[in-house]
Amino acid sequence: MADSMMSKAATMEIPISSNGDSRNLAEDDSLEQAAKIQWSLREKDLQQVMVSGPNLNETSIVSGGYGGTTEGIIPTSSIKGPAVRINTDFLGNRRIPNEGQGSNMDYVGSNSSMAAEEATRGVAVEKFDIMKKWGLNTYKCTKQMISERFGRGSRTVDLELEAQIEVLRETKRKYENVLRLARALTNHFYSMVQTQHALGDTFADLSQKSPELRDEFGYNAETQKLLCKNGETLLGAINFFVSSINTLVNKTMEDTLMTIKMYENARLEFDAYRADLEELNMGPRDAVTMARIEAAQQQYQIHKDKYERLRSDVTIKIKFLEENKVKVMHKQLLLFHNAISAYFAGNQQQLEQTLKQFNIKLKPPGADKPSWLEEQ
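- If you look the protein chain up in an unreviewed UniProt entry, it shows as Arfaptin-2b isoform X4 from Danio rerio.

## Digging into the environment of Lys325
Argument step 1. With respect to the helices and strands, the residue Lys325 is situated in helix H6 (residues 287-345).
Argument step 2. For Lys325 and Ile245, which are 80 residues apart along the polypeptide, the C-alpha to C-alpha distance reads 9.5 Å.
Argument step 3. If sequence neighbours within four positions are ignored, Lys325 has contacts with Thr171, Tyr175, Leu248 and Met253.

## Topic: the pattern of salt bridges
Argument step 1. Under the counting rule described, the total for this entry stands at 16 salt bridges.
Argument step 2. With its nearest N and O atoms 2.7 Å apart, the salt bridge here joins Asp276 to Lys140. With Asp276 in helix H5 (residues 214-281) and Lys140 in helix H3 (residues 101-149), the pair connects residues that are 136 residues apart, well separated along the chain.
Argument step 3. Overall, the relative accessible area of 19% leaves Asp276 in the buried class.
Argument step 4. Judged by its relative accessible area of 15%, Lys140 is buried.
Argument step 5. When the shortest N-O distance is used, the salt bridge between Asp271 and Arg267 registers 2.6 Å. Of the two residues, Asp271 and Arg267 are both situated in helix H5; the distance of four residues between them amounts to about one turn of the helix.
Argument step 6. What makes Asp271 buried here is its relative accessible area of 0%.
Argument step 7. Among the charged side chains, a salt-bridge network with shared partners connects Glu148, Arg155, Arg267, Asp271, Arg274 and Glu278.

## A few points about the environment of Asn338
Argument step 1. Tracing the backbone shows Asn338 in helix H6.
Argument step 2. The class for Asn338 is buried, based on a relative accessible area of 17%.
Argument step 3. When the C-alpha positions of Asn338 and Ala237 are compared, they lie 9.6 Å apart, and in sequence the two are 101 residues distant.

## Here we look at the nonpolar core
Argument step 1. Core analysis: the biggest nonpolar cluster contains 43 residues, and Ile165, Leu168, Ile260, Tyr263, Val314 and Ile318 have the highest contact counts within it.
Argument step 2. Of the residues forming this core, the biggest block, 18 residues, is contributed by H5.
Argument step 3. The contact partners of Ile260, leaving out residues within four places of it in the chain, are Ile165, Leu168, Arg169, Val314 and Ile318.

## Overview of the side chain of Gln332
Argument step 1. Topologically, Gln332 is positioned in helix H6.
Argument step 2. Gln332 gets classed as buried once you look at its relative accessible area, which sits at 2%.
Argument step 3. Look past the residues within four positions of Gln332 in its chain and what remains in contact with it is Phe240, Phe241 and Ser244.

## A short note on unusual backbone geometry
Argument step 1. The backbone of Asn359 shows a phi angle near 55°, a positive value even though the residue is not glycine.
Argument step 2. The residue Asn359 is located in the loop between helix H7 (348-357) and helix H8 (372-375) in this model.

Calculation rules
Residues numbered from 1 in each chain as written. Predicted model: local features only at pLDDT ≥ 70, side-chain atom pairs only at ≥ 80, totals over all residues. Heavy atoms only, no water. Helix = DSSP H or I, 4+ residues; strand = E, 2+ residues; numbered from the N terminus. Contact = heavy atoms within 4.5 Å. Salt bridge = Lys/Arg side-chain N within 4 Å of Asp/Glu carboxyl O. Buried < 20%, exposed > 50% of the residue type's maximum accessible area, 1.4 Å probe, protein only. Core = buried A, V, L, I, M, F, W, Y, C linked by side-chain atoms within 4.5 Å.

Given below as structure tokens:
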């Protein structure tokens, strides 16, 4: 509304008589008052622009004289003073930051971004070095393995240790066969015991329904129940035998064979770096080659120490494995023999005594089945 009044006042025409006098003095007074109101409104607009204007450098002030349309442009760049940044919080309240706060925040942000960039670059370089070492090591080992396959390269051999390793692998294969047969015996014998149990129940039912054969069915029912009970006792002994053999084969022997595999890999790496060092020693002896020879000598020593350490570990583990195997198998074979003999001899007392001798506790029937709470 102020702008419309300003435009109307600036373009208002003043009629003049022929002798130069004003026709209406009241119109002059009203025009003078309009001009004063226009100037006061412009001063208020100027103050408002100076305080809350979006950009002072783009602000111009238009002024018009009495009865004219001339514009006076005052550039705000001529106004001297420090620039003030006015921020607003989430409630709309104005907040003037402290001097240097923005620059400090920018400096901290740039430092954090540079630190993150340096950390990322360091991780990338580390991964690249790991991949480079792995690729070089794989190349050397593959080259050595192919040379050994075609008979062109030499390999380090410990004849005594190699013979012990071969005996261990053969022993493991034979014990795995024993374990397979023992599990088959357990399954078949379990089926027989279940059949005897069902047959005993059938004889007992027929003895109640056939008065003329009550005694005969009753004798057979008692015999089958006794065989079933002794069979469950023998199953406990056989299961203990199978569990012990499984631990020996798939845990103790397997752990030793894993160490042997690490030893064989270390032997291959040792021979690969040994062949690399021998090849460098046969070449020229300039400054570059001497530096490479020194680096190869360090790698050779590292892999030599690793190979000797693993060879010692394998020797110790094979020795302990042999002692443990003899102790375990002596106990398990004695258990198996006594339990089988007592069962087929029909000696129930000796069979139970055998289980007590080896601290074998039988599970009651249905112990393996989950309770009705666990089934829910």
